[in-house]
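Fold and contact review
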Amino acid sequence: MIQRITLLLLLSFSFSLQAQEFTQEDAKAVIDTFFEGFHKGDTTLMRSVLLKEVPTYTVYTTPNGEKRLVTGSVDRLLEGIAQRPAEQVWKEELLDYAVQIDGDLAQVWTPYRFYLNGNFSHCGANAFTLIQTNDGWRIQSLIDSRRKGSCEQ
């Protein structure tokens with residue numbers, strides 16, 4: 001009986017060592033891969049960290065104070081990146097990462113500043129939801145805010 005308990009404990013311990021814990025650094029790496037593809041215009045690289053269908057949303061306030069929510073899709077986002085004119089340089093500078101993980105779910109918040117051809121365009125924050133799939137961690141949804149002018153919140 002003691003031998004069986006010892007064997008079960010050893011097996012349990014070895015399985016727990018084999019299961020890799022998803023860390024904050026791992027979550028950052030998923031987001032960094034997404035933005036590496038974004039900056040290079042490499043939609044295949046971006047797609048490597050996305051689920052097949054990913055809803056996208058943007059929230060902002062119009063110049064006359066009206067609150068807006070724009071719903072999109074990752075396909076439309078990737079199409080825009082693929083069709084970006086070669087002379088346009090898009091740079092999204094991530095200012096920080098706030099990562100929360102619970103089992104197979106992670107949330108990554110990244111305040112940013114966006115530059116078009118080296119000129120400041122707007123700022124805001126991205127909120128990525130990541131889930132663990134059989135193929136690894138993938139972005140399940142993305143919402144961002146956009147502000148022109150002051151980036152202080």
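Counting residues in hydrophobic clusters, the biggest one holds 25 residues, and the most contacted among them are F34, F128, L130 and I139. For this core, the elements supplying multiple residues, two or more each, are α2 (24-40), α4 (74-82), β5 (105-116), β6 (119-133) and β7 (136-146). Looking at this core, the element that brings in the most residues is α2, giving six residues. When sequence neighbours within four positions are dropped, the list of residues in contact with F128 reads I31, F34, F35, A106, Q107, V108, T110, I139, S141 and L142.

Locating L105 in the fold gives a position in strand β5. Between the alpha carbons of L105 and R138 there is a distance of 9.9 Å; along the sequence they are 33 residues apart.

Here we take up the confidence of the model for the chain. Any segment with low pLDDT has predicted coordinates that should not be analysed in fine detail. Per-residue pLDDT for the chain averages 89, and the proportion of residues at 70 or more is 87%. Between residues 6-18, whose pLDDT stays under 50, and residues either more than four places distant or in other chains, the model counts zero contacts.

Right, let's talk about the side chain of R138 for a bit. You can see R138 is positioned in strand β7. In this structure R138 is buried but unpaired, with D135 as the nearest side chain of opposite charge at 5.2 Å. Within the structure, R138 has its side chain in polar contact with the backbone oxygen of S48 (distance 3.3 Å). When neighbours within four sequence positions are excluded, R138 is seen to be in contact with S48, V49, L50, L51, T129, L130, I131 and T133.

What counts and how
- Residues numbered from 1 in each chain as written.
- Predicted model: local features only at pLDDT ≥ 70, side-chain atom pairs only at ≥ 80, totals over all residues.
- Heavy atoms only, no water.
- Core = buried A, V, L, I, M, F, W, Y, C linked by side-chain atoms within 4.5 Å.
- Buried < 20%, exposed > 50% of the residue type's maximum accessible area, 1.4 Å probe, protein only.
- Helix = DSSP H or I, 4+ residues; strand = E, 2+ residues; numbered from the N terminus.
- Contact = heavy atoms within 4.5 Å.
- pLDDT = per-residue confidence, 0-100.
- Lys, Arg positive; Asp, Glu negative; His and termini not counted.
- Salt bridge = Lys/Arg side-chain N within 4 Å of Asp/Glu carboxyl O.
- Polar contact = N/O pair within 3.5 Å; in protein donor to acceptor, adjacent residues only side chain to side chain.

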